[in-house]
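Residue strings, one per chain:
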Amino acid sequence: MSRVCIFFAEGYEEIEALTVVDLLRRAGIEAETVSVTGEKTVTGSHRIPVIMDKLFDEVDFTKVDMIVLPGGMPGTKNLEAFTPLMEQVDAFYEKGKYVAAICAAPSILGHRGILQGKRACSFPEFESHLEGAEITRNSVEIAGNVITSRGMGCAIDFGLMIIAAFMGREASEALSRKIVYTR
């Protein structure tokens, strides 16, 4: 079974983070919520506290197949400031393991040089941070082992693309029908 870790910092965008968790679990993908704050409860940008499955130090990254970075402010900045997570993002990318980011968080990938020569998207105000990318206005982009998405309104597309990456388009489309999602 695939294992995906979704990382939470204070000020994350609730819908972007939790939609991914919900969709992956519905699809049968192990999705773990992980705090980078040192506390099990992390509060989003709209003051919604959520209890995490794990703290960062409890994650065995050798058993993780994808890192997901939700957006939100100041959540994105707080994720980027957490050096141990950034080291894992770099390592995952270099090993060909999946890294995914939505909204403002693709800026992190841009700052790290991960988007060079790749099609990518982000929240419009952060497009200038997608260093070296071919910027699109699509709701989600997959370029090799990198998945990016534009924002809260694209969270379902983002989650479904992650499912497609692990389980194929048919599984993604089946879940889309099951949740009565139409584009």
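Placed above this text is the structure.
Criteria and cut-off values
- Residues numbered from 1 in each chain as written.
- Predicted model: local features only at pLDDT ≥ 70, side-chain atom pairs only at ≥ 80, totals over all residues.
- Heavy atoms only, no water.
- Helix = DSSP H or I, 4+ residues; strand = E, 2+ residues; numbered from the N terminus.
- Polar contact = N/O pair within 3.5 Å; in protein donor to acceptor, adjacent residues only side chain to side chain.
- Contact = heavy atoms within 4.5 Å.
- Core = buried A, V, L, I, M, F, W, Y, C linked by side-chain atoms within 4.5 Å.
- Buried < 20%, exposed > 50% of the residue type's maximum accessible area, 1.4 Å probe, protein only.
- Pairing = 2+ DSSP bridges.
- Axes fitted to C-alpha atoms, helices over the stretch in contact; angles between N-to-C directions.
- Phe/Tyr/Trp six-rings, centres within 6.5 Å; stacked < 30°, edge-to-face > 60°.

(A) Broad picture of unusual backbone geometry. Note that the residue after Met73, namely Pro74, is joined by a cis bond; omega there is 5°. Counting through the fold element by element, Pro74 comes out in the loop between strand E6 (66-69) and helix H2 (75-80). Positive phi outside glycine occurs at Arg47, with the angle close to 65°.

(B) Broad picture of the side chain of Ser149. Among the secondary structure elements, Ser149 is positioned in strand E11 (residues 146-149). A polar side-chain atom of Ser149 sits 2.6 Å from the main-chain carbonyl oxygen of Ser139. Once residues lying within four places of it in the same chain are set aside, the contact partners of Ser149 are Ala101, Ile102, Cys103, Pro106, Cys121, Ser122, Ser139, Val140, Cys154 and Phe158.

(C) Here's a closer look at the nonpolar core. One finds Ile6, Leu24, Val68, Ile147, Phe158 and Ile162 to be the most contacted residues of the largest nonpolar core, which totals 31 residues. Of all the elements in the fold, those that place two or more residues in this core are strand E1 (3-8), helix H1 (14-27), E6, strand E7 (98-102) and helix H5 (155-167). One finds Val64, Ile67, Leu79 and Ala120 within the second-largest nonpolar core, a separate group that totals 27 residues.

(D) Examining the sheet that holds strand E5 (residues 54-55) more closely. With mixed pairing, 7 strands are arranged side by side in an open sheet as E5-E2-E1-E6-E7-E11-E10. Every interior strand has two partners, whereas the edge strands, E5 and strand E10 (140-143), have only one. Here E1 runs beside strand E2 (residues 30-35); their pairing, made up of 6 bridges, is parallel. Following the sheet pairing, Val4 is matched in E2 by Ala31. On the sheet, H1 packs against E1, E2, E6 and E7 and is oriented at approximately 165° with respect to E1.

(E) Examining the packing of aromatic side chains more closely. Under the defined criterion, the tally for this structure stands at 7 aromatic pairs. Geometrically, the ring pair formed by Phe7 and Phe61 is stacked, given 6.1 Å between the ring centres and 10° between the ring planes. Separated by 54 residues along the polypeptide, Phe7 in strand E1 and Phe61 in the loop between E5 and E6 bring together distant segments of the chain. With relative accessibility at 0%, the residue Phe7 sits in the buried group. Plain terms: the ring middles of Phe61 and Phe92 are 6.2 Å apart, the flat faces sit at 85° to each other, and that makes the pair edge-to-face. With a gap of 31 residues between them, Phe61 in the loop between E5 and E6 and Phe92 in helix H3 (residues 83-95) connect regions that are remote in the sequence.

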